[in-house]
Amino acid sequence: MALRHAVTPGEAKEMQNLDPATVQHLQTLAGARHESVAFVFLNTAGATLGLQHVSSCEMASVEVPLRSVVGVALAMGAREIVMAHNHPSGDPEPTAEDFRTTRRVADVLSSLGIRLVDHLVLAGDAMVSFRARGLL
């Protein structure tokens with residue numbers, strides 16, 4: 001399965017920069033039946049240090065474990081993070097809650113010197129990138 005772009009060709013830029021195993025994991029996440037969120041921890045060169053995946057029992061929401069994400073990022077020495085979550089509905093357009101969560105995550109990480117590089121919303125074979133849309 002390859003992700004197509006819901007809006008612009010530039011939305012895959014961050015996906016292209018991730019290692020193949022991480023991209024494969026995110027592609028699997030895109031087709032999940034329940035909403036899930038993944039955090040890809042990167043070093044200053046953009047190399048993947050690790051991945052944290054949180055699933056929900058809910059179809060349309062998932063709680064972002066911000067304390068845990070921060071702890072893992074600090075433990076790994078991550079300088080950048082790519083956040084991704086799926087929309088089981090099949091519609092990759094970000095919701096109002098997606099915007100609020102992204103801003104909260106970016107603000108907390110920024111205060112610690114960690115950059116939220118992108119937030120990818122995945123749905124089936126479609127994807128929306130907050131970075132490509134100028135939202136980060």
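In this text the structure is predicted, and so the values were computed from the model without any measurement.

> It is not clear to me how the pairing of strand E6 (residues 126-129) should be interpreted in this structure. Could you clarify?
Strand residues, when the strand is regular, have side chains that alternate between the two faces of the sheet. Here E6 shows no split at all, with Ala126 and Val128 on one side and Met127 and Ser129 on the other all buried. As defined by bridge partners, strand E5 (residues 115-123) adjoins E6 across 4 bridges and the pair is classed as antiparallel. If you follow Val121 over to E6, its bridge partner there is Val128. In textbook terms, the turn of a hairpin is the stretch between consecutive antiparallel strands, and for E5 and E6 this stretch comprises 2 residues, one of which, Gly124, has a positive phi near 60°.

> What's the story with the packing of aromatic side chains in this structure? I'm lost.
For any pair of aromatic rings, the description rests on two quantities: the centre-to-centre distance and the angle between the ring planes. Counted by the stated rule, this structure contains 1 aromatic pair. Judged by centre distance (5.3 Å) and plane angle (55°), the rings of Phe99 and Phe130 are tilted. Highlighted residues: Phe99 in helix H4 (residues 96-111) and Phe130 in the segment after E6, separated in sequence by 31 residues. On the accessibility criterion, Phe99 (36% relative accessible area) is partly exposed. Classification of Phe130 as buried rests on a relative accessible area of 1%.

> Would you take a moment to explain the pattern of salt bridges for this structure?
When the charged atoms of two side chains with opposite charge come close together, those side chains can pair. Summed over the entire model, instances satisfying the criterion amount to 4 salt bridges. Residue Arg133 pairs with Glu93 through a salt bridge whose shortest N-O separation is 2.8 Å. Taken together, the residues span a long stretch of sequence, with Arg133 in the segment after E6 and Glu93 in the loop between strand E4 (80-86) and H4 at a distance of 40 residues. Measuring nitrogen to oxygen at the nearest pair gives 3.2 Å for the salt bridge that ties Arg103 to Asp107. In this pair, Arg103 and Asp107 both sit in helix H4, 4 residues apart, roughly one turn of the helix. Exposure remark for Arg103: the relative accessible area of 39% places this residue in the partly exposed category.

> How do you make sense of the nonpolar core when you look at a structure like this?
Grouped burial of nonpolar side chains is what soluble globular proteins tend to show. If you look at the biggest cluster of nonpolar residues, it comprises 17 residues, and the most contacted ones within it are Phe39, Phe41, Ile81, Met83, Val105, Leu109 and Leu116. When contributions to this core are tallied by element, the ones reaching two or more residues are strand E2 (36-42), helix H3 (66-76), E4 and H4. Top contributing element to this core by residue count: H3, with 4 residues. Beyond its immediate stretch of four places on either side in the chain, Phe39 contacts Gly50, Leu51, Gln52, Val64, Pro65, Val69, Ile81, Val82 and Met83. Of all hydrophobic cores here, the second largest spans 14 residues; its members include Leu18, Val23, Val82 and Val117.

What counts and how
- Residues numbered from 1 in each chain as written.
- Predicted model: local features only at pLDDT ≥ 70, side-chain atom pairs only at ≥ 80, totals over all residues.
- Heavy atoms only, no water.
- Buried < 20%, exposed > 50% of the residue type's maximum accessible area, 1.4 Å probe, protein only.
- Helix = DSSP H or I, 4+ residues; strand = E, 2+ residues; numbered from the N terminus.
- Pairing = 2+ DSSP bridges.
- Phe/Tyr/Trp six-rings, centres within 6.5 Å; stacked < 30°, edge-to-face > 60°.
- Salt bridge = Lys/Arg side-chain N within 4 Å of Asp/Glu carboxyl O.
- Core = buried A, V, L, I, M, F, W, Y, C linked by side-chain atoms within 4.5 Å.
- Contact = heavy atoms within 4.5 Å.

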